[in-house]
Amino acid sequence: MRKEQCGLSLMGLILVLFIAVVVALFAMKIIPSFLEFRTAKTAIELVAASAQNPAEARRAFENRATIDNIESVKPQDLQISREGNQLVIAFAYRKEVTLFGPVGLYIDYAANSGGGQ
């Protein structure tokens, strides 16, 4: 009795590798944008916990943005309000990520230090 072979053909392997490469290329383009957003979100949470007034919060955020290389959010883009005796800092922006040639992707980011998105 002969057993039928099970496995991946050459064309199947090429297709799987092509899909893996496309996914990796998308990830390499999108991940830096997401990491910058997470860094900015962490920065506003730390600044909101320590700042006493909006001017101090903007100055502290500008210092953190310089150190952490945050370029998408500027201190003047921050929306600062007060809830009780705690400052709440929020921002929102749209990032365009060029994928290849004329094809790009828009990603809308928004965060606030009060816990909501």
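Located above this text is the structure these notes cover.
Note that residues are indexed from 1 along each chain, following the sequence as it is written. Where local features are concerned, this predicted model is filtered to residues with pLDDT of at least 70; where side-chain atom pairs are given and counted, the filter is 80 or more; whole-chain, interface and lining totals use all residues. Derived side-chain values reflect all non-hydrogen atoms in the structure, with water molecules and hydrogen atoms excluded from consideration.

### Considering the overall build of the protein chain
Here is step 1: The numbering of helices and of strands both runs from the N terminus, where a helix is a DSSP run of H or I of at least 4 residues and a strand a run of E of at least 2. Of regular secondary structure, the protein chain possesses 2 helices and 3 strands.
Here is step 2: Counting from the amino terminus, helix and strand elements in the protein chain follow one another as α-α-β-β-β.
Here is step 3: Here the globule rule reads 2.2 Å times residues to the power 0.38, and the radius of gyration is calculated from C-alpha atoms. Computed over the C-alpha atoms, the radius of gyration of the protein chain is 22 Å, more than 25% above the 13 Å expected from 2.2 N^0.38 for a compact globule of 117 residues.
Here is step 4: Dimensions of the protein chain, computed from the C-alpha atoms along their principal axes, are close to 80 × 35 × 20 Å.
Here is step 5: A burial count over the protein chain gives 26% of its 117 residues as buried.
Here is step 6: We call two residues in contact when some of their heavy atoms are within 4.5 Å. Sequence separation of 24 or more characterises 47% of the internal contacts of the protein chain that already satisfy a separation of 6 or more.
Here is step 7: Put simply, the protein chain shows about 8500 Å² of open surface, and 59% of that area lies on carbon and sulfur atoms. Type-normalised accessible area, obtained with a 1.4 Å probe on protein chains alone, sets the label of each residue: buried when under 20%, exposed when over 50%, and partly exposed for intermediate values. Accessible surface area values rest on a Shrake-Rupley calculation with a 1.4 Å probe, where residue burial reflects the displayed protein chains alone.

### Brief notes about the packing of helix 1 (residues 10–50) against helix 2 (residues 54–68)
Between two packed helices, the angle of one axis relative to the other and the distance separating the axes together describe the packing.
Here is step 1: Direction vectors running N to C along helix 1 and helix 2 enclose 145°, while the axes themselves pass 9 Å from each other. As for how helix 1 packs across helix 2, the hand of that crossing is right-handed. Two secondary-structure elements touch here, helix 1 through Thr 39, Ala 40, Ala 43, Ile 44, Leu 46, Val 47 and Ser 50 and helix 2 through Glu 56, Ala 57, Ala 60, Phe 61, Arg 64 and Asp 68.
Here is step 2: Of the residues in the contact of helix 1 with helix 2, the class split is 8 nonpolar, 2 polar and 3 charged. The axes are straight lines fitted to the C-alpha atoms, using for helices just the contacting stretch, and the angles between their N-to-C directions are given from 0 to 180°. Put simply, a crossing is left-handed when the front helix is turned counterclockwise from the back one by less than a right angle, and right-handed when it is turned clockwise. Under the convention adopted here, Pro, Cys and the residues Ala, Val, Leu, Ile, Met, Phe, Trp and Tyr are nonpolar, Asp, Glu, Lys and Arg are charged, and Gly plus all remaining residues are polar.

### Structural notes on the packing of aromatic side chains
Here is step 1: Only centres within 6.5 Å qualify two rings of Phe, Tyr or Trp (six-membered ring in Trp) as a pair; their planes then separate them into stacked at under 30 degrees, edge-to-face at over 60, and tilted for everything else. Applying the stated criterion across every chain yields a total of 5 aromatic pairs.
Here is step 2: Plain terms: the ring middles of Phe 37 and Tyr 109 are 4.8 Å apart, the flat faces sit at 15° to each other, and that makes the pair stacked. Taken as a pair, Phe 37 in helix 1 and Tyr 109 in strand 3 (residues 103–112) lie far apart in primary sequence, 72 residues in all.
Here is step 3: Clustering of aromatic rings is evident, with ring pairs tying together Phe 34, Phe 37, Phe 91, Tyr 93 and Tyr 109.
Here is step 4: One Lys or Arg, Arg 94, reaches over the ring of Tyr 106 and ends 5.1 Å from the middle of that ring. Over a ring means this: the NZ of a Lys or the CZ of an Arg is within 6 Å of the ring centre and within 35 degrees of the ring normal.

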